[in-house]
Amino acid sequence: NDQDLPADWKQECKEISENLDLIDFLAFVFMTAITRKRIIPQAKNPIIYDVLPHILTKNSPFSDENSVIHRNTEVRDLYKKISQKKTAMIISGFGGIGKTSLARVLFSKLSDKYDCTGWIEYHHNFLDSFLASIDLCSEINDPIERWKSIKSRLKNDSQSKLIFIDNVDVDEMQEQYPKEDKELREIAEWNKTTVIITTRFTEISGYWTYRLSLLGN
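Here's a quick rundown of the structure. All values derive from a computational prediction rather than experimental measurement. The residue count restarts for each chain, going from 1 along the sequence in the order it is written. The predicted origin of the model limits local features to residues at a pLDDT of at least 70 and limits the giving and counting of side-chain atom pairs to 80 or more, whereas totals for whole chains, interfaces and linings rest on all residues. Values shown for side chains rest on all heavy atoms present in the structure; no hydrogens or waters enter the calculation.

Things to note about the sheet that holds strand β6 (residues 193–199)
In short, DSSP must find at least two bridges between two strands for them to pair. The helix and strand labels rest on DSSP assignments: H or I over at least four residues marks a helix, E over at least two residues marks a strand, and numbering proceeds from the N terminus. Strands sit in the order β4-β5-β6-β3-β7 across an open sheet of five strands; the sheet is parallel. Both outer strands of the open sheet, β4 (116–121) and β7 (208–211), are each paired with one neighbouring strand and no more. Along the sheet, successive strands turn relative to each other by an average axial angle of 15 degrees, direction set aside. Where strand β5 (residues 161–166) and β6 come together, five bridges link them in parallel fashion. Angles shown run from 0 to 180 degrees and are taken between the N-to-C directions of axes, each axis being a line fitted to C-alpha atoms and, for helices, limited to the stretch in contact.

So, in structure tokens, the structure goes:
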């Protein structure tokens, strides 16, 4: 059933079908379906990629709109902007104003519209936060090598990805300075990746700002 395959896989199948005879093409589709791996046929050696899981991270904070009282307008507004391809966004506001609760509702509403989703709690820097939140490449012990492997895969993968990064704020005790975090800026440029950050900052380079106001304002 091709409804179970991501849209880019279907296009890939179409392109491959134009270059293979019927028997080879049917074998390709069969192997893709039963292994849940993307297999790119070549003359002798096929290239095989593991399928990324739908939930990339250990934490999946699903929440409904009842958890953000009197924020329905903001939920609809953000949902619309993200649907209009605002792919790098910060939800900015004072501490305790409801940024995280709002982001959790958006995570729930948007998750099924992407091939892969993830929720990351920001601590120290993006690299450390990401590795602590995800199980990919867990067989690699060296954190830098593991990060390089994960980054290479996600940065170039053609599956659509939605990543929330919560509490991206300064913490001098942890030497946490997000505006100096190169990886945090670069993730916004990954292929087919939508990144939504909650923060007290009014701006972060490379991101569009949605300012969350106090209720009643």
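Observations concerning the packing of helix α3 (residues 72–83) against helix α4 (residues 99–110)
It is at 10 Å that the axes of α3 and α4 come closest, and there the two elements cross at 50 degrees. Accordingly, the angle class assigned to the pair α3 and α4 is oblique. Between α3 and α4 the crossing geometry is right-handed. Along the contact surface, α3 presents Glu74, Val75, Leu78, Tyr79 and Ile82, while α4 presents Leu102, Val105, Leu106, Lys109 and Leu110. Every angle not falling under 35 degrees, over 145, or within 65 to 115 is termed oblique; those three ranges are roughly parallel, roughly antiparallel and roughly perpendicular. The hand of a helix crossing depends on one turn: near helix anticlockwise from the far one by less than a right angle means left-handed, and clockwise means right-handed. Contacts between residues were defined by any pair of non-hydrogen atoms, one from each residue, lying within 4.5 Å.

Remarks on the packing of helix α5 (residues 126–133) against helix α6 (residues 143–156)
At a closest axis distance of 11 Å, the pairing of α5 and α6 adopts a crossing angle of 85 degrees. Classified by the angle their axes make, α5 and α6 are roughly perpendicular. Each of Phe126, Leu127, Phe130 and Leu131 in α5 lies in contact with α6, whose residues at this interface are Pro143, Ile144, Arg146, Trp147, Ile150 and Leu154. Under the grouping applied here, Gly and all other residues not named as nonpolar or charged are polar, the nonpolar ones being Ala, Val, Leu, Ile, Met, Phe, Trp, Tyr, Cys and Pro and the charged ones Asp, Glu, Lys and Arg. Residue composition of the contact of α5 with α6, grouped by class: nine nonpolar, no polar and one charged.

Topic: the nonpolar core
Throughout this description, the term nonpolar core refers to a set of buried Ala, Val, Leu, Ile, Met, Phe, Trp, Tyr and Cys residues connected via side-chain atoms within 4.5 Å. Type-normalised accessible area, obtained with a 1.4 Å probe on protein chains alone, sets the label of each residue: buried when under 20%, exposed when over 50%, and partly exposed for intermediate values. Phe126, Phe130, Ile165, Ile197 and Tyr207 are the most contacted members of the largest nonpolar core, which has 28 residues in total. Among the secondary structure elements, those contributing two or more residues to this core are β3 (88–92), β4, α5, α6, β5 and β6. By residue number, the principal contributor to this core is α5, which donates four residues. With residues up to four places along the chain from it excluded, the contact list for Phe130 reads Ile120, Trp147, Ile150, Leu154 and Ile163. Val105, Leu106, Phe107 and Leu212 belong to the second largest nonpolar core, which has 19 residues in total.

All quantities given are derived from atomic positions and should not be read as evidence of function.
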